[in-house]
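# Architecture and fold: a report
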Amino acid sequence: MLDYVGTVTPARLRTFLAIVEHGSARAAAQRLSVTESAVSAALAALHREAGVVLFERHGRGLRLTDSGRIFAGYARRILGLIDEGLSAARQSGDPERGRLRLGAVTTAGEYLVPGLLASFRSVYPRVDVTLDVGVRDRVSALLADHRLDIVIGGRPGRGLTSRATRPNSLIVVAAPGPVPELSTATWLLREPGSGTRDTTLALLDALQVTPPTLALGSHGAVVASAVLGLGVTLVSADAVTGHLRQGTLQRVGVRGTPLRRPWHAVSTATPTATAALFLDHITDSDGAGELAFRPRR
């Protein structure tokens, strides 16, 4: 056991993941500010310990083998746990000076989280906060790997825990004018990995229609395209309140909508003290105001 710990060190795991991310020993060495020979030595040590090949040659670079892909998932979680454990230990005595790594799906990151952060920072200005916004699959994976503390998004995946919820409805909207025919109108979709995209496709299946679709790169692009009349889209009501009030979008009645898809504040099984501080804040109606979540018992 001691030999194993001495061989598979955090530094070697970081070197391994740098190769995964950058595709070659040379690029990993540049990223880590070490020599290429040091990267090669670390990789050789990991190969000896694993007893299987983790990378194979691919052109001028390296590509993960099936064994390497499996090992990479564990490596990310191990390093995430080490980082989280150190952070939790430092926060235990003074969570108000701790670190909060917050993640959010794109819609929540644009329309919900900024207000929560503003009220949280007004009470706890010394907390070091970072926010990572992305599609559901990406931020959920970061949380599962212990590289985020809390994610604001949809319902949690396996191994993650919903700590609090807030109502959220998905509605269909389009530019003002005649109500479009849903089976022939273009449906605007989010990028792959988005929970809203998956829900939209499931809705179309339920309606038994196969309309033309247009995939766009972000939530903002989808809403802007709907305003310009490029198509209809399924979107969080919270995200288009202003457009509906101003008349730049109209709500379209569609069978099966609105869809109730509450927001969840999600963590791993053991949130840090500073993460717990944030969860307490967003479930306090006095502190978070109209953006407050309800704690889950």
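Residues numbered from 1 in each chain as written. Predicted model: local features only at pLDDT ≥ 70, side-chain atom pairs only at ≥ 80, totals over all residues. Heavy atoms only, no water.

The next thing to look at is the overall build of the protein. Each helix and strand in the protein was counted, giving 13 helices and 14 strands. Dimensions of the protein, computed from C-alpha atoms along their principal axes, come out at roughly 70 × 50 × 30 Å. Looking at the protein as a whole, 45% of its 297 residues are labelled buried. When contacts within the protein are restricted to residue pairs at least 6 apart in sequence, those whose partners lie at least 24 apart make up 76%. Only carbon and sulfur atoms are counted for the fraction: they give 52% of the accessible area of the protein, which is about 15,400 Å². For the protein, the distance from the average position of its 34 positive side-chain charges to the average position of its 25 negative side-chain charges is 2 Å. (Helix = DSSP H or I, 4+ residues; strand = E, 2+ residues; numbered from the N terminus. Buried < 20%, exposed > 50% of the residue type's maximum accessible area, 1.4 Å probe, protein only. Contact = heavy atoms within 4.5 Å. Areas by Shrake-Rupley, 256 points an atom, 1.4 Å probe, with all protein chains shown as cover. Lys, Arg positive; Asp, Glu negative; His and termini not counted. Charge placed at Lys NZ, Arg CZ, Asp CG, Glu CD.)

The complete set of buried residues in helix 3 (residues 25-32) reads Ala25, Ala28 and Ala29. All buried residues of helix 3 fall inside an arc of 100° around its axis, so they share one side. The exposed set on the far side of helix 3, more than 90 degrees from its buried face, consists of Arg26, Gln30 and Arg31. One or two steps after helix 3, the chain reaches serine 33, where phi turns positive at roughly 60°. (Arc of directions from axis to C-beta.)

Take the pairing of strand 13 (residues 263-267) next. The buried count for strand 13 comes to five of five residues, which makes it a mostly enclosed element. Examined bridge by bridge, strand 5 (residues 150-153) and strand 13 share three bridges and lie antiparallel to one another. Of the residues in strand 13, the one forming a bridge with glycine 153 is histidine 264. (Pairing = 2+ DSSP bridges.)

Now for the pattern of salt bridges. Considering all chains together, one arrives at 15 salt bridges under this definition. Ionic pairing is found between arginine 136 and aspartate 137, a salt bridge with its closest N-O pair at 3.2 Å. Two residues, glutamate 191 and arginine 190, come together in a salt bridge whose shortest N-O distance is 2.9 Å. Accessibility expressed as a relative area gives 17% for glutamate 191, which makes it buried. Classification of arginine 190 by relative accessible area gives buried; the value is 6%. Through salt bridges with shared partners, a single network forms among Asp83, Glu84, Arg99, Arg101 and Asp149. (Salt bridge = Lys/Arg side-chain N within 4 Å of Asp/Glu carboxyl O.)

To continue, consider the packing of helix 2 (residues 10-22) against helix 5 (residues 66-91). It is the contact of helix 2 with helix 5, at a shortest axis distance of 10 Å, that shows an interaxial angle of 130°. Between helix 2 and helix 5, the crossing angle belongs to the class labelled oblique. Handedness of the crossing formed by helix 2 with helix 5: left-handed. Counting all contacts with helix 2, which are made through Pro10, Leu13, Arg14, Phe16, Leu17 and Val20, the residues of helix 5 involved are Gly68, Phe71, Ala72, Ala75, Arg76, Ile78, Leu79 and Ile82. Split by residue class, the contact of helix 2 with helix 5 holds eleven nonpolar, one polar and two charged. (Axes fitted to C-alpha atoms, helices over the stretch in contact; angles between N-to-C directions. Parallel < 35°, antiparallel > 145°, perpendicular 65-115°, else oblique. Left-handed = near helix turned anticlockwise from the far one by under 90°. Nonpolar A, V, L, I, M, F, W, Y, C, P; charged D, E, K, R; others polar.)

What follows is about the sheet that holds strand 14 (residues 294-295). What the six strands build is an open sheet, ordered 4-3-5-13-6-14; its pairing is mixed. This sheet does not close on itself; its edge strands, each paired only once, are strand 4 (128-134) and strand 14. Strands strand 3 (99-105), strand 4 and strand 5 of the sheet are contacted by helix 7 (residues 113-123), whose axis makes an angle of about 175° with strand 4. Strand contacts of helix 12 (residues 273-282): strand 3, strand 5, strand 6 (161-166) and strand 13, with the helix running at about 55° to strand 3, the strand carrying the most contacts.

All right, on to the confidence of the model for the protein then. Model confidence for the protein is summarised by a mean pLDDT of 89, while 98% of its residues fall at 70 or above. A low-confidence stretch, residues 1-5 (pLDDT under 50), is modelled with two contacts involving residues beyond four sequence positions or located in other chains. (pLDDT = per-residue confidence, 0-100.)

Taken together, the side chains of Ile70, Tyr74, Ile78, Ile82 and Leu86 define a hydrophobic patch exposed on the protein surface, amounting to about 460 Å² of accessible area. Since its relative accessible area comes to 49%, tyrosine 74 is described here as partly exposed. (Patch = residues over 30% accessible without salt bridge, like charges linked within 9 Å, V, L, I, M, F, W, Y side chains within 5 Å.)

For helix 2, which comprises 13 residues, the first-to-last C-alpha distance of 18 Å matches the rise-based estimate of 18 Å (1.5 Å per residue) to within 8%. Buried within helix 2 are the following residues: Leu13, Thr15, Phe16, Leu17, Ala18 and Ile19. Just downstream of helix 2 lies glycine 23, where phi reads positive at about 85°. (Expected span 1.5 Å × (residues − 1).)

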